[in-house]
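Reading the structure
Listed below, chain by chain, are the residues.
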Amino acid sequence: MNKCDQCIVRQLSSLKALNKDEIIQLANTKKTFTVKKGDTLFEEGDLTNGVFCVKDGMGKLSKLSANGKDQIVKLVKSGELLGQRSMISQEPANLTAKALSDMEVCYIPKKEMLHFFNNNNQFSMNLMQAVCEDLKESDNDKVDFAQKTVKERLAQTLLYLQNTFGIEADKSLKIQLSRDELASIIGTATESCIRLLSDFKKLDLIELVGKKIIIKNERELQKIAE
């Protein structure tokens, strides 16, 4: 079964609802490949014709804005499915997916996913719940952008990055984002993001070592975020 029955994606995603026979079918049809850091998995407007399972690594989903800037919509980690909304809506990809680290990804053709969707009620329910969760996160992000200051959003984002992706042995954030990418997430200019990071450093909330960010005072960052 190529260990599909033990895969982290199956444990954490909609695929956990598949039965033994369906897992065998999945293993026989999926394709596994590596996406190097900085490379594109799929682009906005592509017909993906299937779903991508992030087996290992980290990536970002972004959308090109009217002024030509790349706006990061979501960060992804191992255990997530990409492209499920496009598959259900039967529309081209609405976002671009790029690797923030080397990624190991499995691709499941649309035909197989729709077979599971139509024949396994729990799988289809799980899939719809995942799409609804993405929509809820999008709603929450809209409220944050409307009601929180850039400073509050930066504090919130730094805590999110640590809690979601973890830290390295030197306590720096495991996911390394460029200042441009971080600015994109919090919705500000790169210069403003750099200035705020410097302010946080002066307040001894974080430590900056090159591109690395180390959170030193979670409690105070949480107060700012709230």
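Being a predicted model, the structure only gives us computed values, none of them experimental.

Looking only at helices and strands, the chain features nine helices and ten strands. Expected size for 226 residues packed as a compact globule is a radius of gyration near 17 Å; at 19 Å, the chain falls within 12% of this value. By its C-alpha atoms, the chain is 60 × 40 × 30 Å across when sized along the principal axes. Relative to its full complement of 226 residues, the chain shows a buried share of 43%. Taking as baseline every contact in the chain between residues at least 6 positions apart, the subset at least 24 positions apart corresponds to 68%. Surface accessibility of the chain: about 12400 Å² in total, with carbon and sulfur atoms responsible for 48%. The chain carries 34 positive and 32 negative side-chain charges, and their two centres are separated by 2 Å.

In spatial order, the strands read β2-β7-β4-β5; together these four strands make up an open sheet with antiparallel pairing. Each edge of the open sheet carries a strand with a single partner, namely β2 (40-42) and β5 (70-76). The mean angle between the axes of side-by-side strands here comes to 30°, regardless of whether they run parallel or antiparallel. Here strand β4 (residues 59-64) pairs with β5 via six bridges, running antiparallel.

In a beta sheet, neighbouring strands are held together by backbone hydrogen bonds and run either parallel or antiparallel to one another. In space, the four strands of this open sheet follow the order β1-β8-β3-β6, with antiparallel pairing throughout. Each end of this open sheet is capped by a strand with a single partner; those strands are β1 (31-35) and β6 (81-82). Where strand β3 (residues 50-56) meets β6, two bridges bridge the pair, whose relative direction is antiparallel. When the bridges of β6 are listed, F52 appears paired with L82.

This paragraph deals with the nonpolar core. Formed by 28 residues in total, the largest nonpolar core has its most connected members in L75, L158, L182, F200 and I206. Broken down by secondary-structure element, the contributors of at least two residues to this core are β5, α6 (150-165), α7 (179-186), α8 (190-202), β10 (212-215) and α9 (218-225). Sort the elements by how many residues they give to this core and α6 lands first, with six residues. The residues contacting F200, other than those within four sequence positions of it, are K151, L154, A155, L158, L205, I206, L221 and I224. Listed in part, the 19 residues of the second largest apolar core include L15, L18, V51 and L81.

Right, let's get into the UniProt feature "domain: Cyclic nucleotide-binding" (unreviewed entry) in the chain. Residues given the UniProt feature "domain: Cyclic nucleotide-binding" (unreviewed entry) here are residues 14-134. Span residues 14-134 is 33% helix and 34% strand, its end C-alpha atoms 13 Å apart.

Turning to unusual backbone geometry, a few remarks are in order. The residue N49 is not glycine, and still its phi comes out positive at about 55°. Tracing the backbone shows N49 in the loop between β2 and β3. Judged by relative accessible area, N49 falls into the partly exposed class, the value being 48%.

So, about the packing of aromatic side chains. Evaluation of the coordinates by the stated rule reveals five aromatic pairs. Between F42 and F52, the aromatic rings sit 5.3 Å apart at their centres with planes inclined by 25°, giving stacked as the arrangement. Residue F42 is found in strand β2, and its partner F52 is found in strand β3; the two are separated by ten residues along the sequence. With a relative accessible area of 7%, F52 lands in the buried category. Put simply, the rings of F33, F42, F52 and Y107 touch in pairs and so form one group of aromatic residues.

About the thresholds
Residues numbered from 1 in each chain as written. Predicted model: local features only at pLDDT ≥ 70, side-chain atom pairs only at ≥ 80, totals over all residues. Heavy atoms only, no water. Helix = DSSP H or I, 4+ residues; strand = E, 2+ residues; numbered from the N terminus. Rg over C-alpha atoms; globule rule 2.2 N^0.38 Å. Buried < 20%, exposed > 50% of the residue type's maximum accessible area, 1.4 Å probe, protein only. Contact = heavy atoms within 4.5 Å. Areas by Shrake-Rupley, 256 points an atom, 1.4 Å probe, with all protein chains shown as cover. Lys, Arg positive; Asp, Glu negative; His and termini not counted. Charge placed at Lys NZ, Arg CZ, Asp CG, Glu CD. Pairing = 2+ DSSP bridges. Axes fitted to C-alpha atoms, helices over the stretch in contact; angles between N-to-C directions. Core = buried A, V, L, I, M, F, W, Y, C linked by side-chain atoms within 4.5 Å. UniProt positions renumbered as here; feature names shortened; annotations may be inferred. Phe/Tyr/Trp six-rings, centres within 6.5 Å; stacked < 30°, edge-to-face > 60°.

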